Amino acid sequence: MTRDKFYDTLAARGLTLTEVQKKQFHRFFELLVEWNERMNLTGITAEEEVYAKHFFDSLDPFLELNMTEIKTVCDVGTGAGFPGMPLAIAYPMVQFDLIDSLGKRINFLAFCAEELGMTNVKATHVRAEEFSDTKREYFDVVTSRAVARLPILNELCAALVKVGGWFVALKGPAGHDELVEAQKNPEKLGMQHLKSTVASTLEVGERVNIYFRKVAKTPAKYPRAFGQIKKKPLV
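What counts, and at which threshold
Residues numbered from 1 in each chain as written. Predicted model: local features only at pLDDT ≥ 70, side-chain atom pairs only at ≥ 80, totals over all residues. Heavy atoms only, no water. Buried < 20%, exposed > 50% of the residue type's maximum accessible area, 1.4 Å probe, protein only. Helix = DSSP H or I, 4+ residues; strand = E, 2+ residues; numbered from the N terminus. Arc of directions from axis to C-beta. 1 Å grid on protein atoms, 1.4 Å probe; cavity = no way out; pocket = protein on both sides within 12 Å on 5 of 7 lines; lining within 4 Å. Points joined across faces, edges and corners; volume = space filled by probe spheres on them. Nonpolar A, V, L, I, M, F, W, Y, C, P; charged D, E, K, R; others polar. Phe/Tyr/Trp six-rings, centres within 6.5 Å; stacked < 30°, edge-to-face > 60°. Axes fitted to C-alpha atoms, helices over the stretch in contact; angles between N-to-C directions. Parallel < 35°, antiparallel > 145°, perpendicular 65-115°, else oblique. Contact = heavy atoms within 4.5 Å.

Enquirer: Which residues make up helix 8 (residues 175–182), and what values go with them?
Expert: The periodicity of an α-helix, 3.6 residues per turn, causes residues three or four positions apart to be oriented the same way. Residues of helix 8 that are buried include every one of G175, E178 and A182, and no others. Buried residues in helix 8, looked at end-on, bunch into an arc of 55 degrees, giving them a common side. Turned more than 90 degrees away from the buried face of helix 8 sit D177 and V180, all of them exposed. One or two positions beyond helix 8, positive phi appears at Q183, with a value near 50 degrees.

Right, here's the structure in full:
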């Protein structure tokens, strides 16, 4: 996906980028490639692939939401900053918390936010189940991409979402099977599965985006310690 196609595709979906945002996207691409030479951030470094498989793939699920109503977003297990950084560039009036259990990734993202002049990004080295101790039911939207299977991911993320908010899981083709695997897991966590959308482009391939609405408070016993979640996922 060329830069121009990226801009045009977003504009056709209702998201028009400013020249400042276009420059921020490209500088983030440059920093991703530069830092990737000394630490493992991504296996995707060609410009057109980054714009398609990282940038567009991060933004696509959120073109379904009215982001003008959103004030706070948390990206759980953000890794190299996806989907959090592209979202933060695209929606500068929204405050983003990007969290990850690996400190060097957080250092990279903190540097990028400063380099790009972004005041709406806070990168924190913390595990999701620990972050909910201080940010329980705080965020309008929580999201996660390529972190864990849905039965595990739901428990890690649910407590961070405020009642009435959204949890958006970005998945590949296995997303449908993971939703079946989770069974009644969302209900136990105070969430309701509202819809799943399938996005398919030549550059990205098939993506399954799963949307949950937080309809009740998450019971205080969740999330459990990660070892317990992984050993016996809540289904």
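What follows continues from the structure just given.
Enquirer: Hey, could you go over the layout of surface pockets for me, with residue numbers and the actual values?
Expert: Put simply, the largest pocket is a space of about 330 Å³. Along the wall of the largest pocket there are 18 residues; nearest its centre are G77, T78, G79, R145 and A146. Among the residues making up the lining of the largest pocket, the classes are represented as 6 nonpolar, 8 polar and 4 charged. G77, S101, R127, V147 and L156 are the residues nearest the centre of the second largest pocket, which is lined by 14 residues in total. Within the residue set of the lining of the second largest pocket, elements represented by two or more residues are strand 2 (95–100) and helix 6 (128–131). Its residues placed into classes, the lining of the second largest pocket shows 8 nonpolar, 2 polar and 4 charged.

Enquirer: Describe the packing of aromatic side chains, naming the residues involved and giving the relevant values.
Expert: Taken as a whole and judged by the stated rule, the model has 17 aromatic pairs. Their ring planes at 80 degrees and their centres at 5.2 Å tell us that F6 and Y51 sit as a pair that is edge-to-face. Of this pair, F6 sits in helix 1 (residues 3–12) while Y51 sits in helix 3 (residues 47–59); the two residues are 45 residues apart in sequence, bridging distant segments of the chain. Here F6 and Y51 have matching classes, each one buried. Taken together, a centroid distance of 4.9 Å and an interplanar angle of 70 degrees make the contact between Y51 and F55 edge-to-face. Here Y51 and its partner F55 are both found in helix 3, 4 residues apart, which amounts to about one turn of the helix. Pair check on accessibility: Y51 and F55 agree, each one buried. Through successive ring pairs, a cluster of aromatic residues spans F6, Y7, F25, F28, F29, W35, Y51, F55, F82, F108 and F111.

Enquirer: Quick rundown of unusual backbone geometry? Include the residues and the values.
Expert: It is generally the case that most residues other than glycine have a negative phi and that most peptide bonds are trans. Backbone torsion omega between F82 and P83 reads 10 degrees, so that peptide bond is classified as cis. Topologically, P83 is positioned in the loop between strand 1 (72–76) and helix 4 (84–90). Geometrically, the link from Y222 to P223 is a cis peptide bond, its omega value of 0 degrees lying close to zero. Inspection of the secondary structure puts P223 in the loop between strand 7 (205–214) and helix 10 (226–231). Of note in this structure, E137 is not a glycine but carries a positive phi near 50 degrees. Judged by relative accessible area, which is 16%, E137 ranks as buried. With phi around 50 degrees, Q183 is a residue other than glycine that occupies positive phi space. By the element assignment, Q183 lies in the loop between helix 8 and helix 9 (185–188).

Enquirer: How would you sum up the packing of helix 7 (residues 150–158) against helix 8? Please name residues and give values.
Expert: For the pair helix 7 and helix 8, the least separation of the axes is 8 Å and the interaxial angle reads 70 degrees. The angle between helix 7 and helix 8 falls in the class roughly perpendicular. Across the interface between the two elements, L150, P151 and N154 of helix 7 pack against E178, L179, E181 and A182 of helix 8. For the contact of helix 7 with helix 8, the per-class residue count stands at 4 nonpolar, 1 polar and 2 charged.

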